[in-house]
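# Observations on the model geometry
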Amino acid sequence: MIDTGQAHEGDSLPPSTALLLVAVMPSPRDLEIARVLGWYRIPFRFAPKIVQVDYLAFYQPASFGKAHANRIEYFSEVRGVELALRKEIIRDEPDHPRANEEYYKLQLGKLERLQKPIPADKWKRITFLYTTGELFARARIINDLVVKSEERKILWHSLCEKARESELYSSGNLPELELTPEVLMMLGDLHLDESTQG
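Residues numbered from 1 in each chain as written. Predicted model: local features only at pLDDT ≥ 70, side-chain atom pairs only at ≥ 80, totals over all residues. Heavy atoms only, no water.

Think of it this way: side chains of opposite charge can pair up when their charged atoms draw near. Applying the stated criterion across every chain yields a total of nine salt bridges. Across the pair D30 and R41 runs a salt bridge whose closest N-O atoms are separated by 2.8 Å. In this pair, D30 is assigned in helix α1 (residues 28-36) and R41 in strand β2 (residues 39-43), connecting sequence segments 11 residues apart. Given a relative accessible area of 8%, D30 falls into the buried group. R113 is the salt-bridge partner of E73, the closest N and O atoms lying 3.7 Å from each other. (Salt bridge = Lys/Arg side-chain N within 4 Å of Asp/Glu carboxyl O. Helix = DSSP H or I, 4+ residues; strand = E, 2+ residues; numbered from the N terminus. Buried < 20%, exposed > 50% of the residue type's maximum accessible area, 1.4 Å probe, protein only.)

And the structure:
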């Protein structure tokens, strides 16, 4: 068999130019909400600088059980983003300690399952990671999603342009193009990420 470099041949994957955000899917219940109700939430105070992306890929932590933990099995197109209070998003938990906190509510398309999940390998703690459709299609492990240093500035510029097109950001709160240490971590700067986990 010839290796085409495509780890996920046959999957209905995002276009190679798509901007993706890898985000943690906290629990199987949250995955079911994404599948049935078509949305995903991110607490505003912990959100990455830009949430206006084309697709989300969902990293599943230990709460998914040994057979499904520490991997990406699902992704979805992002169809819209709004800011709302948690109690408006999850109405059956009005007394939750964070009920009055702001959350991004990302409206999703159909939840797609990868034929070959992308395992974490050495990475076990992931919060957010930006990547591209091209890297997502070729990834065999999560480390393969990391945008290489020479392409990081291009990816960040594309994310900022997408944010400018969004109604979520006014000209005063648009992220700077500067690649700060926090941004480098979200773009997959492994050395920075490993040093902060100590």
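Alright, that's what it looks like, and here's the rest.
The next point concerns the nonpolar core. Within the largest apolar cluster, 31 residues are counted, with the highest numbers of intra-cluster contacts made by I42 and L56. Only β1 (19-24), α1, β2, β3 (55-60), β4 (71-85), β5 (102-108), β7 (128-132) and α4 (149-165) provide two or more residues apiece to this core. Here this core takes five residues from α4, the largest share from any one element. In this structure, L56 is in contact with L21, Y40, F75, S76, V78, L106 and L108, ignoring residues within four places of it in sequence. By size, the runner-up hydrophobic cluster in this structure holds 17 residues, among which are A57, A120, I126 and L129. (Core = buried A, V, L, I, M, F, W, Y, C linked by side-chain atoms within 4.5 Å. Contact = heavy atoms within 4.5 Å.)

Moving on, we get to the confidence of the model for the chain. Residues at a pLDDT of 70 or more form 77% of the chain, whose mean pLDDT is 82. Put simply, helix α6 (residues 190-196) is where the chain has its lowest mean pLDDT, 37, and β3 is where it has its highest, 97. In this model, residues 1-6 is a region of pLDDT below 50 whose contacts with residues beyond four sequence positions or in other chains number six contacts. Across residues 189-198 the pLDDT falls below 50, and counting only partners more than four positions away or on other chains, this stretch makes 10 contacts in the model. (pLDDT = per-residue confidence, 0-100.)

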